[in-house]
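Summary of structural features
So you can see what is in the structure, the chains are spelled out below.
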Amino acid sequence: MDIPTPAELSQPPALCRLDDIPDGGATAVDASLVDGEESLILLRRGEQVHGYLNVCPHAGRRLDYAPGKFLLKNDTLICAVHGATFNQGDGLCIAGPCRGEHLRTVAVQVDEGEVRLA
């Protein structure tokens, strides 16, 4: 049995493995945040992952059309309910009913092939 090191004990638990997110794709995971349990969107580009709350600022609904399934097109994420379109890299709404607003960023990091809260 492996005994965790002090550094491993101080790290937040892994949200998922990097390989669980298709390169250029997205997935949803549940995470314990300060405000409670939340659904997160994890968007992957190579070794980089961006994290956002899975909540559209327009109507407060989830962005996925089925659990963990997102509409992605040309580096954008599209809300399945009202069509709001967000830049994947910074969460800015560039088209639709909440233009100019942002998705709420959740800081994540990739560490030894695992995605964790930063």
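So, a few notes on the structure that sits alongside this text. Position labels on residues start from 1 in each chain and follow its written sequence. Thresholds applied to this predicted model are a pLDDT of at least 70 for local features of residues and 80 or more for the giving and counting of side-chain atom pairs; totals over whole chains, interfaces and linings are not thresholded and use all residues. By convention in this description, side-chain values take in all heavy atoms of the structure and omit both hydrogens and water.

1. So, the side chain of Arg44
Note the threshold: Segments assigned H or I by DSSP are reported as helices when at least four residues long, segments assigned E as strands when at least two residues long, and all are numbered from the N terminus. For the exposure calls, accessible area comes from a 1.4 Å probe over protein chains only, and a residue counts as buried if that area is under 20% of its type's maximum, exposed if over 50%, partly exposed in between. Within this scheme the basic residues Lys and Arg register as positive and the acidic residues Asp and Glu register as negative, but His and the chain ends are omitted. One speaks of a salt bridge when a side-chain nitrogen belonging to Lys or Arg is within 4 Å of a carboxyl oxygen belonging to Asp or Glu. Contacts described as polar in this section are N or O atom pairs within 3.5 Å, which, within protein, must combine one atom able to donate a hydrogen with one able to accept it, while residues neighboring in sequence count only if both atoms come from side chains. Contact criterion: two residues are considered in contact whenever any of their non-hydrogen atoms come within 4.5 Å of each other.
With respect to the secondary-structure elements, Arg44 resides in strand E3 (residues 36-45). Buried and unpaired, Arg44 has Glu47 as its nearest opposite-charge partner, separated by 4.1 Å. One polar contact links the side chain of Arg44 to the main-chain carbonyl oxygen of Gly46, over a distance of 2.6 Å. Beyond its immediate chain neighbours, meaning those up to four positions away, Arg44 contacts Leu18, Asp19, Ile21, Pro22, Asp23, Gly24, Gly25 and Val49.

2. Some remarks on the sheet that holds strand E2 (residues 26-33)
As a reminder of what qualifies: Here the rule is simple: two strands pair whenever DSSP picks up at least two bridges between them. Axis geometry follows a simple rule: fit a line to the C-alpha atoms, using only the stretch in contact for helices, then measure angles between N-to-C directions, giving values from 0 to 180 degrees.
Taking strand neighbours across the sheet as the criterion, the three strands line up as E2-E3-E4 in an open arrangement whose pairing is antiparallel. In the strand order of this sheet, the two ends are held by E2 and strand E4 (48-53), each with one partner. Across the sheet, the axes of successive neighbouring strands diverge by a mean angle of 35 degrees, strand direction being ignored. Two strands pair when backbone bridges link them, and E3 and E4 are joined in this way by six bridges, in the antiparallel orientation. When the bridges of E4 are listed, Ile41 appears paired with Tyr52.

3. A look at the pairing of E3
Bridging between E2 and E3 involves eight bridges; their strand directions are antiparallel. Looking at E3, one finds that Ala31 is bridged to Glu38. The hairpin formed by E2 and E3 contains two residues between the paired strands. Hairpin remark: E3 followed by E4, antiparallel, with two residues in the connecting loop; positive phi at Gly46, about 65 degrees.

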